[in-house]
Amino acid sequence: MRTCHPGLTLWLTGLSGSGKSTLANSVCEQLRVLGCRAEVLDGEILRQELWKDLDFSKSGRDENIRRIGFLAELLTRNDVIVLVAAISPYRAVRDEVRAKIGSFAEIYVNASAEVCERRDTKGLYKRARRGELKGLTAIDDPYEAPEQPEIVCKTDSETVEDSASRIVTYVKKRLQIKPATDPEV
Ligand code: ADX
């Protein structure tokens, strides 16, 4: 049964390898089990599928965030809980999409650069160290950490389950989501 709730964008920002996509997908699944309408907008996937033209310069990244923000606003307006997973390294454009979307929470997926580099899930850090990849966030490109995020997930010291469960608890409280009840039972 569908749960009645307004829309909300949960914007997960953090370094490559911090666990944004894993966390976003886990929260999305749990919300769907509760009967919520939830969707993930993953920067990496949108870049591959919809806007291959954008590079990783500051203007390319800002444009990526504005486009994702545009989609997130449409979905949020239609009562969907949107989980955005994107490095989104620049504070100003994050604040810009926050203001546009309105129903918004910033989630800082905070694993140290050292831990992300050690994990190196996609081999990007190795390529950057070898000089084959320029402008990798935290290596030779900036990351402006959130100043007042609604939630911080220390994914280098807490499990995905713990982080995901804290986010789900926050959403339930903020949107006043009650367990779905089947009127026919
Ligand atoms: S953002 O900075 O514009 O928010 P986004 O999250 O959409 O980035 O995409 C990040 C993904 O693009 C990474 O997971 C990685 O696979 C790929 N990528 C390729 N080049 C870079 C780079 N220079 N810096 C960061 N990510 C890169």
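Asker: Help me get a handle on the overall build of the protein, residues and values and all.
Answerer: From N to C terminus, the protein includes seven helices and five strands. Counted from the first residue to the last, the protein has its helices and strands arranged as β-α-β-α-α-β-α-β-α-α-β-α. With the principal axes as the frame, the protein shows a C-alpha extent of 60 × 30 × 30 Å. The burial tally for the protein puts 46% of its 185 residues in the buried class. Here the analysis covers contacts within the protein between residues at least 6 apart in sequence; of these, 77% occur between residues at least 24 apart. When the accessible surface of the protein is split by element, carbon and sulfur atoms take 52% of a total near 9700 Å². Distance between charge centroids for the protein: 1 Å, based on 29 positive and 29 negative side chains.

Asker: Lay out the side chain of asparagine 110 with the relevant residues and their values.
Answerer: Looking at where asparagine 110 falls in the secondary structure, it is placed in the loop between strand E4 (104-109) and helix H5 (113-119). Every residue in contact with asparagine 110, bar those within four places of it in the chain, is listed here: Val152, Cys153, Lys154, Thr155 and Asp156.

Asker: Residue-level account of the layout of surface pockets, with values.
Answerer: Here the largest pocket defines a volume of roughly 810 Å³. In terms of lining, the largest pocket is formed by 39 residues, of which the most central are Ser16, Glu44, Ile87, Lys122 and Leu124. Counting only elements with at least two residues in the lining of the largest pocket, the list comes to helix H1 (20-33), helix H2 (43-49), helix H3 (58-77) and helix H6 (124-129). Class assignment of the residues belonging to the lining of the largest pocket gives a composition of 13 nonpolar, 15 polar and 11 charged.

Asker: Go over the nonpolar core with me, naming the residues and quoting the values.
Answerer: Membership of the largest hydrophobic core comes to 25 residues, with the highest contact counts inside it found for Leu10, Leu31, Ile81, Leu83, Ile167 and Val171. Elements with a minimum of two residues in this core: strand E1 (8-13), H1, strand E2 (38-42), strand E3 (81-85), E4, strand E5 (151-153) and helix H7 (160-174). Element by element, the count of residues in this core is highest for H1, at five residues. Listed in part, the 17 residues of the second largest apolar core include Leu46, Ala72, Val84 and Ile101.

Asker: Hey, could you go over the packing of H3 against helix H4 (residues 91-101) for me, with residue numbers and the actual values?
Answerer: Look at H3 against H4: their axes get within 9 Å of each other, and the N-to-C directions meet at 20°. Judged by the angle between their axes, H3 and H4 are roughly parallel. Handedness of the H3/H4 crossing: right-handed. Between H3 and H4, the contacting residues are Asp62, Ile65, Arg66, Gly69, Ala72, Glu73 and Thr76 on the first element and Val93, Glu96, Val97, Lys100 and Ile101 on the second. Class assignment of the residues belonging to the contact of H3 with H4 gives a composition of five nonpolar, two polar and five charged.

What counts, and where the lines are drawn
As a convention, each chain's residues are numbered from 1 in the sequence order in which they are written. The predicted nature of this model means local features are confined to residues of pLDDT at least 70 and side-chain atom pairs, given and counted, to a pLDDT of 80 or more, with totals for whole chains, interfaces and linings taken over all residues. Side-chain figures throughout are based on the complete set of non-hydrogen atoms in the structure, without hydrogens or water. Working definition: helices are DSSP H or I runs of at least four residues, strands are E runs of at least two. Numbering for both runs from the N terminus. Any residue under 20% of the maximum accessible area for its type is buried, any over 50% is exposed, and the rest in between are partly exposed; the area is computed with a 1.4 Å probe on protein chains only. We call two residues in contact when some of their heavy atoms are within 4.5 Å. To measure how exposed things are, a 1.4 Å probe is used in the Shrake-Rupley method; for residues, cover is taken only from the protein chains shown. Counted as positive: Lys and Arg. Counted as negative: Asp and Glu, with His and the chain ends omitted from the count. A charge is said to be at NZ when it belongs to Lys, at CZ for Arg, at CG for Asp and at CD for Glu. Definitions used throughout: a 1 Å grid over protein atoms alone; a cavity as a set of points that fits a 1.4 Å probe which cannot get out; a pocket as an open set with protein on both sides within 12 Å along at least five of seven lines; a lining residue as one with an atom within 4 Å of a point. Grid points are joined across faces, edges and corners, and a volume is the space filled by probe spheres set on the points. Residue type decides the class: Asp, Glu, Lys and Arg count as charged, Ala, Val, Leu, Ile, Met, Phe, Trp, Tyr, Cys and Pro as nonpolar, and the leftover types, Gly among them, as polar. Throughout, nonpolar core names a set of buried Ala, Val, Leu, Ile, Met, Phe, Trp, Tyr and Cys residues whose side chains join them through atoms within 4.5 Å. Lines are fitted to the C-alpha atoms to define the axes, a helix being fitted only along its stretch in contact, and any angle between axes, read from their N-to-C directions, falls within 0 to 180 degrees. In these notes the angle categories are as follows: under 35 degrees is roughly parallel, over 145 is roughly antiparallel, 65 to 115 is roughly perpendicular, and the rest is oblique. Note: crossing handedness is left-handed where the near helix turns anticlockwise from the far helix by less than a right angle, and right-handed where it turns clockwise.

The values are spatial; any link to function lies outside them.
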